[in-house]
Amino acid sequence: MAGNTFGEVFKITTFGESHGAAVGVIVDGVTPGVELTEAYIQAQMDRRKPGQSSVTTPRKEYDIISIKSGMFEGKTTGTPLFIMLENKDMRPEAYSDIQNAFRPGHADFTYLQKYGIRDHRGSGRASGRETAGRVAAGAVARKLLEHRGVQVVAYTKELGGIRCETYNEEIIEQNAVRACDPEAAVRMIERVEQLAAVGDSCGGIVECRIRGVKAGLGEPVFDKLDAELAKAMLSIGAVKGIEFGAGFAAADMLGSEHNDEMNASGFLSNNAGGILGGISTGSEIVFRIVVKPTSSISVPQQTMNVRGEEQQIITEGRHDPSICPRIIPVVEAMACLVLEDHYKRQAAMLG
């Protein structure tokens, strides 16, 4: 298995490289007869596209999607959806000076070790550009989940050491870092701009909340709902950790504190993050991911080249000083893909 396909019943395969001709996705297992427009998918693509603000890469890709198959008269046909986005603003020459050197924090070294060849133009397949196809497919899953009454919302919880202290869902899409706290958002933007000015970057924490999933969704043992969500999130290149509910704080809690007690109305707390035994409890599903600092920075760093010679390197090009703002729609997309796949698996199991 080449690792380019995700899902069991609702299944996607992404394709394309950062500075290749195009990127995109093939989506299989789509429910037929669902009204879907390119504009609906485009709205999610616009949230992910580069060049949105001072805290994202200045690369200008409009990410205009084109649905090549799987649609007829505004409805899904049930056959594979083929969605493509042409790359327009490629500048592979920006990487010519470092094509034989391994950039710290990137997959240059590991790709070469595995394949014996690598695309040095903006990381090729390992680039965050690959996630464009995921967001397009996630929009399709989101449309199907809307009919199930499911909502998925992600946002920046912490960025550059600055943490949100309040939660206001209404302002998430109204600030450049997609934070849930307006005051923290201002300080986050200042921090990212300061780092960008000196060629450095920062990481953060993204939280995701899923509402409307009734109790009973998921699989036991190996295909637990939280395990599948974790795989989905960790498949995003910049993600280095995940926790559900109370998460790592559970290490300092007692069982009497961590257990979610119940009464006739349901659960009294949600330390489990909405999942027990790999199956949804009916409570809000809550998880947080750790997003690493952008690896592409213009600060001089020590590395070696393909000949094993040590050298200093500066990564030129156009890069996000923080990945958090643009990873939000990717996180939501991957969560939607997992949920719709599990709904379809559940339906198949129950006949």
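Keep in mind that this is a model prediction, so the values were computed, not measured.

Asks: Any details on the pairing of strand β10 (residues 204-211)? Residues and values, ideally.
Replies: Where burial is concerned, most of β10 is hidden: seven out of the eight residues are buried. Across eight bridges, the pairing between strand β8 (residues 151-159) and β10 is antiparallel. Within β10, the residue paired with L159 across the bridge is G204.

Asks: Give me the pattern of salt bridges: which residues, what numbers.
Replies: Per the counting criterion, the structure on display carries 26 salt bridges. Between E207 and R288 there is a salt bridge, and its shortest N-O distance comes to 2.8 Å. In this pair, E207 is assigned in strand β10 and R288 in strand β16 (residues 285-291), connecting sequence segments 81 residues apart. You'll find E207 and R288 in the same group, each marked buried. As a salt-bridge pair, R307 and E309 come within 3.2 Å of each other at their nearest N and O atoms.

Asks: Tell me about the sheet that holds β8, and name the residues and values.
Replies: Backbone hydrogen bonds hold the strands of a sheet together, and the pairing may be parallel or antiparallel. Spatial strand order, β9-β8-β10-β16-β11: five strands in an open sheet with antiparallel pairing. Among the strands making up the open sheet, the edge pair consists of β9 (162-163) and β11 (239-244). Across seven bridges, the pairing between β10 and β16 is antiparallel. Residue pairing across strands places I205 opposite V290, the latter belonging to β16.

Asks: Give me the sheet that holds strand β1 (residues 5-6): which residues, what numbers.
Replies: Strand order across the open sheet formed by five strands is β1-β2-β3-β7-β4, with antiparallel pairing between neighbours. With partners counted over all chains shown, the strands left at the sheet margins are β1 and β4 (65-69), one partner each. Of the strand pairs in this sheet, β4 and strand β7 (residues 81-86) are connected by four bridges, and their pairing is antiparallel. Among the inter-strand pairings, I67 is bridged to a residue of β7, identified as I83. Each of β2 (11-16), β3 (22-28) and β7 is contacted by helix α3 (residues 131-146), which is oriented at about 35° to β3, the strand it contacts most.

Asks: Would you mind going over the nonpolar core in detail, with residue names and values included?
Replies: Counting residues in hydrophobic clusters, the biggest one holds 78 residues, and the most contacted among them are I41, I210, M233, F287 and V331. Broken down by element, the residue count for this core peaks at 13 residues, all from helix α7 (residues 324-350).

Asks: How would you sum up the packing of aromatic side chains? Please name residues and give values.
Replies: Inspection of every chain in the model, using the stated rule, returns five aromatic pairs. Arranged with centres 5.5 Å apart and planes meeting at 15°, the rings of F15 and F82 form a pair that is stacked. With F15 in strand β2 and F82 in strand β7, this residue pair connects regions lying 67 residues apart in the sequence. Against the face of Y115 rests K114, its NZ or CZ located 5.5 Å from the ring centre. For K143, the ring lying beneath its charged end belongs to Y40, and the centroid distance is 4.4 Å.

Asks: Summarise α7; cite the residues concerned and give the values.
Replies: In a regular helix each residue adds 1.5 Å, so 27 residues correspond to 39 Å; α7 covers 39 Å between its end C-alpha atoms and thus fits that length. α7 sits mainly inside the fold: 23 of its 27 residues count as buried. Taken from the residues just after α7, G351 is the one with a positive phi, measuring 75°.

About the criteria used
- Residues numbered from 1 in each chain as written.
- Predicted model: local features only at pLDDT ≥ 70, side-chain atom pairs only at ≥ 80, totals over all residues.
- Heavy atoms only, no water.
- Buried < 20%, exposed > 50% of the residue type's maximum accessible area, 1.4 Å probe, protein only.
- Helix = DSSP H or I, 4+ residues; strand = E, 2+ residues; numbered from the N terminus.
- Pairing = 2+ DSSP bridges.
- Salt bridge = Lys/Arg side-chain N within 4 Å of Asp/Glu carboxyl O.
- Contact = heavy atoms within 4.5 Å.
- Axes fitted to C-alpha atoms, helices over the stretch in contact; angles between N-to-C directions.
- Core = buried A, V, L, I, M, F, W, Y, C linked by side-chain atoms within 4.5 Å.
- Phe/Tyr/Trp six-rings, centres within 6.5 Å; stacked < 30°, edge-to-face > 60°.
- Lys NZ or Arg CZ within 6 Å of the ring centre and 35° of its normal.
- Expected span 1.5 Å × (residues − 1).

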